[in-house]
Amino acid sequence: MPDPKIQDPTDAIVRITRSAICGTDLHMVRGTIPDMVEGTILGHEAVGVVEEVGAAVRGLRPGDRVVIPSTVGCGTCSYCRAGYYAQCDTANPNGSAAGTCFFGGPKSTGPVDGLQAEYARVPYAMTGLVPIPDAVSDDQAILLSDIFPTAWFGAKLAEVSRGDTVLVLGAGVVGQFAIASAKRQGAGRILVVDGVASRLDKAREQHAETIDFNTEDPVAAVKDLTGGIGVDRVIEAVGVDAQRPKAGPAAARAADKAEQFAQEVRTAAPDAAPDGDLWVPGDAPSLALQWAVESVAKAGSIGVIGVYPAGFSSFPIGDAMNKNLTVKMGNCNHRRYLPDLLDLVHTGAVDPTAFITRHEPPASAIAAYESFDRRQEGWLKTVLDVAEG
């Protein structure tokens with residue numbers, strides 16, 4: 001790909017020193033986020049060094065170390081000023097009704113070339129670049145580009161407050177940070193559901209109470225652990241690529257909905273093109289949503305940060321209605337939360353590097369995608385070491 005150039009006076013060119021592979025990238029490759037434009041550079045997480053700034057960029061200069069928020073916001077429209085950067089009226093070239101603009105996304109998001117590259121053009125640089133203190137390393141900062149703010153946002157959506165019992169669905173890296181975020185926002189107990197042993201082990205390191213959906217029914221386990229009542233809050237960090245249990249009592253219950261799930265897969269990923277065991281969409285797209293509604297107590301609240309494509313319509317709204325639930329969801333307003341989370345890292349209150357399990361050079365990115373897609377042991381979060389800061 002050619003190196004990017006300044007296109008607008010508000011642009012900056014950043015030399016990328018760290019990028020990362022996210023589960024959302026896998027949605028695009030699997031086809032559960034459709035309409036990718038051929039030639040779009042993937043990736044929406046990066047740290048780097050400013051190389052060049054447009055004429056309208058006044059507060060940054062070449063040589064500054066910066067972290068790039070995943071979603072693009074202009075900083076001046078009414079939505080950005082209210083903190084809703086993911087709903088910026090200006091950033092998406094498809095128009096104000098098109099929704100979130102983010103790096104490396106499908107046609108509906110721009111597309112804007114992504115950040116798994118040596119250089120990137122960052123629109124609206126005065127909003128889209130956050131300077132990094134010298135004491136914060138690139139490895140610490142890369143997880144502030146998307147993962148940590150998204151998890152923090154999920155806990156906010158779920159309305160986590162002092163003493164709450166919280167369920168986190170999904171123990172991938174977003175789920176791990178959701179555990180950390182819920183703890184810092186006051187949770188009294190945290191339960192976590194996943195089917196990958198290494199991810200559950202990592203959750204136990206944070207003293208979360210783990211539930212393996214391949215050995216027990218997660219809804220029954222949650223009810224048992226909460227005196228039959230359910231949890232106060234749920235953070236759904238799985239999304240459309242949810243997988244059915246392969247064994248245990250939950251497998252039989254999921255099998256009863258096999259046809260429903262199959263139809264959901266056809267709807268969510270009509271252009272999926274698996275290659276053997278690679279790039280296979282999840283086989284139970286609405287399962288995490290069902291478990292969330294079933295596991296939460298009456299009058300509880302759910303925050304959905306797992307990714308679902310436009311047009312996906314499966315949600316147990318009747319059960320949610322009858323339990324008086326509050327359900328909030330959406331794409332993270334990264335720029336809103338990033339500065340405060342950067343302060344937590346800077347002061348040593350949080351060290352995000354504990355969740356980085358792989359460093360890979362860009363030359364091995366395809367192999368890293370394949371290992372991450374297969375959910376292989378130890379592939380929790382992969383950082384691409386593009387260059388030195």
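Cut-offs used in this document
Residues numbered from 1 in each chain as written. Predicted model: local features only at pLDDT ≥ 70, side-chain atom pairs only at ≥ 80, totals over all residues. Heavy atoms only, no water. Pairing = 2+ DSSP bridges. Helix = DSSP H or I, 4+ residues; strand = E, 2+ residues; numbered from the N terminus. Axes fitted to C-alpha atoms, helices over the stretch in contact; angles between N-to-C directions. Contact = heavy atoms within 4.5 Å. Core = buried A, V, L, I, M, F, W, Y, C linked by side-chain atoms within 4.5 Å. Buried < 20%, exposed > 50% of the residue type's maximum accessible area, 1.4 Å probe, protein only. Phe/Tyr/Trp six-rings, centres within 6.5 Å; stacked < 30°, edge-to-face > 60°. Right-handed = clockwise from strand over helix to strand, strands pointing away. Arc of directions from axis to C-beta.

If you walk across this open sheet you meet the 6 strands as S8-S7-S6-S9-S10-S11, and the pairing is parallel. Two strands lie at the open edges of the sheet, namely strand S8 (209-212) and strand S11 (326-329), each paired on one side alone. Strand-to-strand, the axes of this sheet are offset by a mean angle of 20 degrees, without reference to chain direction. Pairing geometry for strand S9 (residues 231-236) and strand S10 (residues 296-304), over 5 bridges, is parallel. Directly across from Glu236, in S10, lies its bridge partner Val304. Here helix H7 (residues 197-205) sits on the sheet in contact with strand S7 (189-194) and S8, set at roughly 165 degrees to S8.

To continue, consider the nonpolar core. Formed by 49 residues in total, the largest nonpolar core has its most connected members in Val168, Phe177 and Ile235. Contributing elements (two or more residues each) for this core: helix H4 (138-142), helix H5 (147-157), strand S6 (165-169), helix H6 (173-184), S7 and helix H13 (334-346). The greatest single-element share of this core, amounting to 7 residues, is contributed by H5. When sequence neighbours within four positions are dropped, the list of residues in contact with Val168 reads Gly175, Ala178, Ile179, Ile190, Leu191, Val192, Val193 and Ile235. Counting 34 residues, the second largest nonpolar core, distinct from the first, contains Cys77, Cys80, Cys101 and Ala368.

Under the definition given, this model contains 6 aromatic pairs. Relative to Trp152, the ring of Phe148 lies with its centre 6.3 Å away and its plane at 75 degrees, an arrangement referred to as edge-to-face. Placement of both Phe148 and Trp152 in helix H5 is noted, with a separation of 4 residues, approximately one turn of the helix. When the centroid spacing of 5.0 Å and the interplanar angle of 35 degrees are considered together, the rings of Phe148 and Phe177 count as tilted.

For S10, the buried fraction is high: 7 of the 9 residues fall into the buried class. Judged from the 4 bridges that link them, S10 and S11 form a sheet pairing that is parallel. Residue Gly303 lies in a different strand from S11, and its bridge partner there is Lys328. You can see the chain leave S10, run along helix H12 (residues 317-322) and come back into S11, and the turn it takes is right-handed.

Within the secondary structure layout, Ile305 lies in the loop between S10 and H12. A relative accessible area of 9% places Ile305 in the buried class. Residues Ile305 and Gly330, 25 residues apart in the sequence, show an inter-C-alpha distance of 6.2 Å. When sequence neighbours within four positions are dropped, the list of residues in contact with Ile305 reads Thr150, Ala151, Phe153, Gly154, Leu157, Val174, Ile235, Glu236, Ala237 and Gly330.

Attention now moves to the environment of Thr382. With respect to the helices and strands, Thr382 occurs in strand S13 (residues 382-385). In the structure, Thr382 is positioned 360 residues away from Cys22 in sequence and 8.0 Å away in space, judged by C-alpha atoms. Excluding its chain neighbours within four sequence positions, the residues that come into contact with Thr382 are Ala20, Ile21, Arg358, Glu360 and Ala368.

This paragraph deals with helix H10 (residues 258-268). Buried residues of H10: Phe261, Glu264 and Ala268, and no others. Axial view of H10: buried residues confined to an arc of 60 degrees, hence all on one face. The secondary structure elements touched by the buried residues of H10 are helix H9 (249-255) and helix H11 (287-295).

Attention now goes to the side chain of Thr165. Assignment of secondary structure puts Thr165 in strand S6. Look at Thr165 and you get buried, because its relative accessible area is 13%. Thr165 has contacts with Arg189, Leu191, Thr226, Val231, Asp232 and Arg233, leaving out every residue within four places of it along the chain.

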